[in-house]
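Now for the letters of each chain:
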Amino acid sequence: MARLTINGKSHVFDIDPATPLLWALREQVGLTGTKYGCGIAQCGACTVHIDGEAVRSCVVPVSAAEGKQITTIEGLAVNGVLTKVQKAWLEHDVPQCGYCQSGMIMAVTALLNEKPKPTDADIDAAITNICRCGTFQQVREAIHAAAKA
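Presented here is an overview of the structure given in this document. A quick note: this is a predicted structure, and the numbers were derived from the prediction, not measured.

## Looking at the side chain of threonine 47
Within the secondary structure layout, threonine 47 lies in strand 3 (residues 47–50). A relative accessible area of 3% means that threonine 47 is categorised as buried. Within the structure, threonine 47 has its side chain in polar contact with the backbone oxygen of glycine 44 (distance 2.7 Å). Within the structure, the side chain of threonine 47 is placed 3.5 Å from the side chain of arginine 56, a separation counted as a polar contact. Once residues within four sequence positions are removed from consideration, threonine 47 is found in contact with Ala54, Val55, Arg56, Gly103, Met106, Ala107 and Asn129.

Put into structure tokens, the structure is as follows:
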């Protein structure tokens, strides 16, 4: 049995402890905002927070997440109020197809929590998520806007 705390709620389910966290979130808990992209921690579509740190959930086994606070894209907005990053995303028209955006928002949120006023070099180092639509310029603009908010 695995016991995970996801978005502030405790979940218990029978799952192989080696199962990637991504699949527990999507298949066991039904939180499908976290996306499968590559399965090898390269694209970032599966990014979630574990104890506030951005991680690629496709390579984190469930056993490594037990006893920790897991936050998914569904857990960011509180009572329907979007975060400053989510608002900046909308204001700067970042999403195109949108597939990578939940992971991108999670990575950016973790960056701003660590460095509230990131430089372009900080952004380049921390945000390694891949967007096939090529919205990287809008992402950078949205990050700087959220940092000012």
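## Some points on the nonpolar core
Residues Val85, Trp89, Met104, Val108, Leu112, Ile127 and Ile143 are the most contacted members of the largest nonpolar core, which totals 22 residues. Going through the elements one at a time, helix 3 (84–91), helix 4 (101–114) and helix 6 (136–148) are the ones with two or more residues in this core. In terms of residue count, helix 4 provides more of this core than any other element does, seven residues in total. What valine 108 contacts, discounting residues up to four positions off in sequence, is Val85, Trp89, Ile127 and Ile143. Of all hydrophobic cores here, the second largest spans 16 residues; its members include Leu25, Ile50, Val60 and Ala65.

Thresholds applied
Residues numbered from 1 in each chain as written. Predicted model: local features only at pLDDT ≥ 70, side-chain atom pairs only at ≥ 80, totals over all residues. Heavy atoms only, no water. Helix = DSSP H or I, 4+ residues; strand = E, 2+ residues; numbered from the N terminus. Buried < 20%, exposed > 50% of the residue type's maximum accessible area, 1.4 Å probe, protein only. Polar contact = N/O pair within 3.5 Å; in protein donor to acceptor, adjacent residues only side chain to side chain. Contact = heavy atoms within 4.5 Å. Core = buried A, V, L, I, M, F, W, Y, C linked by side-chain atoms within 4.5 Å.

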